[in-house]
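# Analysis of the macromolecular model
Chain by chain, the residues:
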Amino acid sequence: MALSSALVSVMIDAVRKTARPMLRDFGEVSHLQVSRKGPGDFVTAADVKAENTLFELLMKARPGYGFLGEERGMIEGTDKSHTWIVDPIDGTTNFMHAMPHFAITVGLERRAPDGSSEIVAGVTYNPVMNELFWAEKGKGCYLNDTRIRAAGRRDLSESLIATGLPFIGKTGHAQAIKDIHAVGQRVAGIRRLGAASLDFAWVAAGRYDAFYERNLKPWDVAAGILFVTEAGGIVTTIENDGDPKTGHSILAANAELHPQLRKVLQG
């Protein structure tokens, strides 16, 4: 049995409590599919409700920390060295269509006096599957109570790769198609399941061999960056420089595949 620290226990407690009403909401979504109004407004309310719950629980446990959420943006705390980074429902479109592939994800960023920062703890929870991924800096990555590690494949041709694709209203469609064309000729398969936080978690668990995506946000990547590195993988930007914590471009893979896939994506 893995034993989480007091800090990670706070995060786990917050996501589990947030998940309870979310599961009830998820059960209602399938009924809304056939209504004329559709599930859009309902899911928006569920998203906001989930973030409010996370905010209340996390800020009660660590009152001075800052908070960056998808719905409410940045809230400065009195403790300038710590910030919660939260996505209450990563995979909202899946949730809206009653697909059980979405997650609540929370990362904790710690900032040093010199201005540098790192993710020191992360939790991502798929409540439908009851899969809780968590990690703490220097202590490994876990799925529920079992330690997990990135897969060890060395050959791109044997590898299963995850990615994301832009949807209506987003930029980068042409680049995404270019990337798929370049990568798809060299790998065993590409999957696009629509929840970046779980893509990272599945790389950490060895279900995927790598994950890449452009134009993400900090709340999409914060916990996942720590998962992959603690599971023995590498996370960088696709370009040769840049901070992956911004989400601007992401490449996560094991040490053998990372340089190969990066070269392909750089063209």
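Now for a look at the structure at hand.

Parameters at a glance
Along each chain, numbering runs from 1 in the same order as the chain's sequence is written. Per-residue local features are limited, in this predicted model, to residues with pLDDT of at least 70; the limit for side-chain atom pairs, both in listing and counting, is 80 or more; totals at the level of whole chains, interfaces and linings are taken over all residues. Each side-chain value is derived from all of the structure's non-hydrogen atoms; neither hydrogens nor water enter the calculation. Starting at the N terminus, helices and strands are each numbered in turn, a helix being any DSSP run of H or I of at least four residues and a strand any DSSP run of E of at least two. With the radius of gyration taken over C-alpha atoms, the globule rule is written as 2.2 Å times the number of residues to the power 0.38. Accessibility here uses a 1.4 Å probe with only protein chains present; expressed as a share of the type maximum, an area under 20% marks a residue as buried, one over 50% as exposed, and anything in between as partly exposed. Contacts are assigned to residue pairs with any non-hydrogen atoms lying within 4.5 Å of each other. Here the term patch refers to residues with relative accessible area over 30% and no salt bridge, with like charges joined within 9 Å and nonpolar side chains (Val, Leu, Ile, Met, Phe, Trp, Tyr) within 5 Å. Each accessible area value is a Shrake-Rupley result obtained with a 1.4 Å probe; residue values ignore everything except the protein chains displayed when judging cover. Any carboxyl oxygen of Asp or Glu that lies within 4 Å of a side-chain nitrogen of Lys or Arg is treated as forming a salt bridge with it. The criterion for strand pairing is that DSSP finds at least two bridges linking the strands in question. Working convention: axes come from line fits to C-alpha atoms, limited for helices to the stretch in contact. Angles between N-to-C directions cover 0 to 180 degrees.

Here the focus is the overall build of the chain. For the chain, the helix and strand inventory stands at 7 helices and 13 strands. On C-alpha atoms alone, the chain measures out to a radius of gyration of 18 Å, which is about the 18 Å that the 2.2 N^0.38 rule sets for 267 residues. For the chain, the C-alpha atoms occupy an extent of roughly 50 × 45 × 35 Å along the three principal directions. When burial is assessed residue by residue, the chain has 52% of its 267 residues classed as buried. The long-range fraction of contacts in the chain, counting pairs at least 24 apart against all pairs at least 6 apart in sequence, stands at 62%.

Turning our eyes to something else, we now look at a nonpolar patch on the surface. Together, Leu23, Val128 and Met129 make up an exposed nonpolar region whose accessible area comes to about 240 Å². Checked against the element boundaries, Met129 lands in the loop between strand S5 (117–126) and strand S6 (131–136).

With that settled, consider the sheet that holds strand S10 (residues 189–191). Hydrogen bonds between backbone atoms are what pair the strands of a sheet, whose relative direction is either parallel or antiparallel. With mixed pairing, 5 strands are arranged side by side in an open sheet as S10-S9-S11-S13-S12. The sheet is open, and its two edges are formed by S10 and strand S12 (234–236), each paired on a single side. Taken over all neighbouring pairs, the strand axes of this sheet differ in orientation by 15 degrees on average, direction set aside. Relative to strand S11 (residues 210–214), strand S9 (residues 160–163) runs parallel, the two sharing 3 bridges. What sits directly across from Ala162, in S11, is Phe211. Contacts from helix H6 (residues 218–230) reach S12 and strand S13 (249–253) within the one sheet, and its direction differs from that of S12 by about 145 degrees.

The next thing to look at is the pairing of S9. Examined bridge by bridge, S9 and S10 share 3 bridges and lie parallel to one another. For Ile161, the partnering residue across the bridge sits in S10 and is Ile190.

The subject of this paragraph is the sheet that holds strand S7 (residues 141–143). Taken together, the 8 strands give an open sheet; going across it, the order is S2-S1-S3-S4-S5-S6-S7-S8, and neighbouring strands pair in mixed fashion. Bordering the open sheet on either side are strand S2 (73–75) and strand S8 (146–148), each of which pairs with just one other strand. Adjacent strand axes in the sheet meet at a mean angle of 20 degrees, parallel and antiparallel pairs treated alike. Note that S5 and S6 share 6 bridges and pair antiparallel. From the neighbouring strand, Asn126 faces S6, where its bridge partner is Glu131. Sheet contacts for helix H5 (residues 196–204): strand S3 (79–90), strand S4 (103–111), S5, S6, S7 and S8; angle to S6, the most-contacted strand, approximately 75 degrees.

Turning next to the environment of Ala98. With respect to the helices and strands, Ala98 occurs in the loop between helix H3 (92–96) and S4. Between the alpha carbons of Ala98 and Glu28 there is a distance of 8.8 Å; along the sequence they are 70 residues apart.

Bringing the pairing of S3 into the picture now. In terms of residue burial, S3 counts as a mostly covered element, since 9 of its 12 residues are buried. Pairing analysis gives 7 bridges linking S3 to S4, with the strands arranged antiparallel. Its bridge partner being in S4, Asp90 is matched across the sheet by Ala103.

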